[in-house]
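For reference, the chains in residue letters:
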Amino acid sequence: MKTSFRRLIATRYLLSKRKEAFISIITIISVIGVAVGVIVINVAMAIMTGFEFELRKKIVASDSHITVRKLKGGIGNWESIGKEIRRVKGVSDVSPFTYHQALLKTKLGTVGVLIRGVKKDTSTARQLMKSISGDLKEGLFSYSLAKNEPKSTANLAGMVIGRELSRTLSLHVGDKVTVISPMAGSSPLGLIPRFRRFVISGIYSSGLSGYESTLVYIDLGTAQEFFRLRNSITGF
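Bear in mind the structure is a predicted one, so any value in this text is a computation, not a measurement. (Residues numbered from 1 in each chain as written. Predicted model: local features only at pLDDT ≥ 70, side-chain atom pairs only at ≥ 80, totals over all residues. Heavy atoms only, no water.)

(A) Seen up close, the overall build of the chain. Along its length, the chain carries 7 helices and 6 strands. N-terminal to C-terminal, the α/β element order of the chain is α-α-α-β-β-α-β-α-β-β-α-β-α. By residue count, 31% of the 236 residues in the chain fall in the buried class. Taken as a whole, the chain presents about 16,100 Å² of accessible surface, with 60% of it coming from carbon and sulfur. (Helix = DSSP H or I, 4+ residues; strand = E, 2+ residues; numbered from the N terminus. Buried < 20%, exposed > 50% of the residue type's maximum accessible area, 1.4 Å probe, protein only. Areas by Shrake-Rupley, 256 points an atom, 1.4 Å probe, with all protein chains shown as cover.)

(B) Representation of the layout of surface pockets in the model. By volume, the largest pocket is sized at about 900 Å³. Taken together, 35 residues form the lining of the largest pocket, with D63, S64, H65, I66 and T124 sitting closest to its centre. Take the lining of the largest pocket: its biggest share by element is 5 residues, from helix 4 (residues 123-130). Its residues assigned to classes, the lining of the largest pocket shows 16 nonpolar, 13 polar and 6 charged. (1 Å grid on protein atoms, 1.4 Å probe; cavity = no way out; pocket = protein on both sides within 12 Å on 5 of 7 lines; lining within 4 Å. Points joined across faces, edges and corners; volume = space filled by probe spheres on them. Nonpolar A, V, L, I, M, F, W, Y, C, P; charged D, E, K, R; others polar.)

(C) Region of interest: the packing of aromatic side chains. Throughout the structure, instances matching the rule amount to 2 aromatic pairs. Here Y204 and Y217 contribute two aromatic rings whose centre-to-centre distance is 5.5 Å and whose plane-to-plane angle is 80°, an arrangement assigned as edge-to-face. Placement of the pair is Y204 in strand 5 (residues 190-204) and Y217 in strand 6 (residues 215-219), with a sequence separation of 13 residues. Its relative accessible area of 5% is what places Y217 among the buried residues. Ring centres of F226 and F227 lie 4.9 Å apart, and the angle between their planes is 75°; this geometry places the pair in the edge-to-face category. The burial state of F226 is the same as that of F227; both residues are buried. Its guanidinium or amino end placed over the ring of F97, R116 lies 5.3 Å from that ring's centre, counting from NZ or CZ. (Phe/Tyr/Trp six-rings, centres within 6.5 Å; stacked < 30°, edge-to-face > 60°. Lys NZ or Arg CZ within 6 Å of the ring centre and 35° of its normal.)

(D) Here's a closer look at the nonpolar core. With 20 residues, the main nonpolar core has L104, I115, M159 and V179 as its most contacted residues. Of all hydrophobic cores here, the second largest spans 10 residues; its members include L140, Y204, L215 and Y217. (Core = buried A, V, L, I, M, F, W, Y, C linked by side-chain atoms within 4.5 Å.)

(E) Focus on the environment of I59. Summarising the element assignment, I59 is placed in helix 2 (residues 21-62). On the basis of relative accessibility, which here comes to 35%, the residue I59 falls in the partly exposed class. Along the backbone, I59 and S206 are 147 residues apart, and their C-alpha atoms lie at a distance of 8.4 Å. Discounting chain neighbours no more than four positions away, the residues touching I59 are L208 and Y211. (Contact = heavy atoms within 4.5 Å.)

(F) A look at the side chain of D219. Tracing the backbone shows D219 in strand 6. K120 provides the closest opposite charge to the buried, salt-bridge-free D219, at an N-O distance of 4.6 Å. A polar contact of 3.1 Å, which involves the side chain of D219, links it to the backbone nitrogen of G221. Other than its neighbours up to four places away in sequence, D219 contacts G117, V118, K120 and F141. (Lys, Arg positive; Asp, Glu negative; His and termini not counted. Salt bridge = Lys/Arg side-chain N within 4 Å of Asp/Glu carboxyl O. Polar contact = N/O pair within 3.5 Å; in protein donor to acceptor, adjacent residues only side chain to side chain.)

(G) Molecular detail of unusual backbone geometry. Residues other than glycine seldom take positive phi values, yet R228 does so here, at roughly 55°. Note on placement: R228 falls in the segment after helix 7 (220-226). The class of R228 is exposed, set by a relative accessible area of 55%. Positive phi, normally seen in glycine, also occurs at R230, with a value near 60°. Within the secondary structure layout, R230 lies in the segment after helix 7. Judged by its relative accessible area of 79%, R230 falls in the exposed class.

Printed below as a string of C-alpha cells:
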C-alpha cells in the first residue's frame, strides 16, 4: 500500500492530463534543474576534497607534521635530544635539520634560496630520494663523474634543487653553482661573504612550485661546516 500510494502521489504531481501538457514540461525542466544542481554540488565537493588531500600530502612530504626548534640559537647535544623525542608516544621518526638563507650564483644570475641541511640516513632523506627521478646509487648528495669531466668536480659537495629552480636557472645534474652565505668572514681585506662551490646531484619534484623554486638540500655535515654551526643544528 505504501509503494502504491507513493507512486500515486508522484504520478499525480509529475504527470498531467493531456489538456495540461505545459505543466508536464515545467515539471521536467524543474526536475532536470534540481538534478543538475545536485550533481554540480557533489562534483565540486569531490574536487575540493581531493585537492585538499593532495595538497596536505605534498606539504607534509616537503615539510613535516611538527618542528621542534630553540627560541634563540642552535641546538647542541642534538643526538641525545633526538632520542628523547623518539620516546614520545605517537612519534614515528625524528630527523635533524639546519635551515639558512643564502644566495645561489649561476651563469644566468643570482637568486635567494633557503638551504636545508639533512642527514643522509633519516626519513627526510629517504622521502627526498623518492621525489628525485634518476639513478641515485652513489647517494643523495653524490655525483657520478662523466668521462670528459675534470676530477675536481668529485671534490665538490652535492646539492639537490627543485624542478622550478632548475628551469629558472637552466640547471641540470652535474652543473656547478656557487653558494654565498650572508654570514661574513674576516680576512686581511676586511669582512667578506663566505662562499662555496657545489655540484647539482639531483633535482626533486614535489608538485609545489613555491618549495621547488626556493628550497634546496645539502648534507647536514656540509651545512654545519659551511655555516659554522660546529655540532649544532637548527631543529628537528
